[in-house]
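# Coordinate inspection notes
Okay, here's what each chain looks like letter by letter:
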Amino acid sequence: MWPKRKEFFSLLSILTFQRFWNLHKLLFSYWVSIITKKPYVWAQPFAISIEPTTLCNLHCAECPTGNKTLTRPMGKMDIVNFKKIIDQVYLKTFYLNLYLQGEPFLHSEIIEMIAYAAKKRMFVCVSTNGHFLDENTCNNLVKCGMQKIIISVDGATNESYNKYRKGGDLTKVIDGIKTLSQTKKIRNTYNPEIVIQMLVNNYNEHEIDIVKRLSEEQGANRIELKSMQIYNDNNFLSNINKHNRYIKDKNGNLILKNKIQNRCFRLWSNAAITWDGKLIPCCYDKNATHEIGNIQINSFKQLWVNNEFNTFRNNILNKRKNIDICKNCTE
């Protein structure tokens with residue numbers, strides 16, 4: 001997870017000496033771990049992903065929340081618990097992703113969450129399906145200090161868009177992008193940077209250029225084309241190789257086209273916490289099957305270096321191909 005140019009300079013502006021030194025120790029311990037094949041963790045992660053809620057208004061075809069295959073409880077994070085997490089990490093951890101599963105804007109206190117982290121001089125990024133960007137929300141987003149918003153636009157027509165974003169309204173999403181862009185212009189500010197994310201698949205790959213043009217016309221700052229995670233429906237497999245993370249084996253099953261290496265930077269650089277306080281190895285652990293512990297019981301510092309997490313890191317360093325959640329990951 002390395003930033004684009006504008007994002008890079010925004011991060012530099014909040015990089016205190018303590019955060020810089022922590023980042024230095026993080027990188028050093030990661031490479032020592034790779035060389036020795038033993039987990040050494042001498043720093044906090046520079047980034048953290050916190051799940052505001054697992055609730056969602058859509059039924060996306062390959063999403064565990066949307067297709068009802070998520071096995072863990074549904075719910076929303078308590079704002080008090082959120083603030084406790086931020087208070088524990090912000091001195092060294094400076095990049096906050098406010099999403100895992102679910103739609104963040106279904107949390108009634110999402111603006112307060114963003115503002116609280118921003119006041120701690122954290123870089124705050126939210127990923128959304130874009131259905132809740134009304135005028136009032138856009139005004140609050142511009143004022144609260146958020147630096148980046150990722151908005152999913154997975155098609156240029158309702159037909160292609162709804163192949164994946166079932167129950168969605170592309171027109172409403174486009175209107176929301178335009179409203180946020182106009183709000184930024186009125187307030188004469190660059191933030192939040194508007195990033196359009198397109199999950200390229202078999203149904204929308206012919207519309208890439210149209211989505212690019214559409215995003216520019218509505219005032220988005222840039223577009224990112226992303227390969228899809230596919231769990232069930234192989235029909236989503238893109239025909240464009242560079243936008244596809246899989247190949248088919250001799251039995252017709254999808255496997256990652258890139259070799260799974262015995263390393264993963266995420267386990268040193270980015271913590272992931274579910275709405276109910278579970279620390280999990282990363283965002284690919286959708287059902288929290290590899291739960292490390294709970295932030296409501298132990299401190300973040302204790303959980304980050306405990307035996308359970310270091311055992312998981314050790315398995316990554318030595319036999320990552322045997323770990324289930326790694327089989328869809330491009331890391």
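Note: the structure precedes this text.
Figured I'd write up the structure that's included with this text. (Residues numbered from 1 in each chain as written. Predicted model: local features only at pLDDT ≥ 70, side-chain atom pairs only at ≥ 80, totals over all residues. Heavy atoms only, no water.)

### A closer look at the sheet that holds strand S3 (residues 123-128)
Spatial ordering of the open sheet is given by S6-S5-S4-S3-S2-S1-S9-S10-S11, a layout of 9 strands whose pairing is mixed. Edge positions in the open sheet fall to strand S6 (222-227) and strand S11 (293-294), since each of these has one partner strand only. Summarising the sheet, strand S2 (residues 95-97) and S3 pair through 3 bridges and their orientation is parallel. Counted as the bridge partner of Tyr95 is Phe123 from S3. With respect to the sheet, helix H7 (residues 170-186) is in contact with strand S4 (148-152) and strand S5 (193-200), its orientation differing from that of S5 by roughly 160°. (Pairing = 2+ DSSP bridges. Helix = DSSP H or I, 4+ residues; strand = E, 2+ residues; numbered from the N terminus. Contact = heavy atoms within 4.5 Å. Axes fitted to C-alpha atoms, helices over the stretch in contact; angles between N-to-C directions.)

### Concerning helix H1 (residues 5-13)
For H1, every residue scored as buried is listed here: Glu7, Ser10 and Leu11. For H1, the buried positions fall inside an angular range of 100° around the axis, keeping them on one side. On the buried face of H1, the contacting elements are S2, S3, S4, S5 and S6. (Buried < 20%, exposed > 50% of the residue type's maximum accessible area, 1.4 Å probe, protein only. Arc of directions from axis to C-beta.)

### A word on the nonpolar core
Of all hydrophobic cores here, the largest spans 95 residues; its most connected members are Ile48, Leu96 and Leu98. Element by element, the count of residues in this core is highest for S5, at 6 residues. In this structure, Leu98 is in contact with Ile50, Pro52, Phe82, Pro104, Ile110, Met113, Ile114, Val124, Cys125 and Val126, ignoring residues within four places of it in sequence. (Core = buried A, V, L, I, M, F, W, Y, C linked by side-chain atoms within 4.5 Å.)

### Quick look at the pairing of strand S1 (residues 47-50)
Side-chain alternation along S1 places Ala47 and Ser49 on one buried face and Ile48 and Ile50 on a second face that is also buried. Where S1 meets S2, 3 bridges bridge the pair, whose relative direction is parallel. Paired with Ser49 across the strands is Asn97, a residue of S2. Handedness of the crossover joining S1 and S2 through helix H3 (residues 79-89) is recorded here as right-handed. Note: S1 against strand S9 (residues 270-273), 4 bridges, orientation parallel. Bridging across to S9, Ala47 finds its partner in Asn270. (Right-handed = clockwise from strand over helix to strand, strands pointing away.)

Honestly, it's all geometry; don't read function into it.
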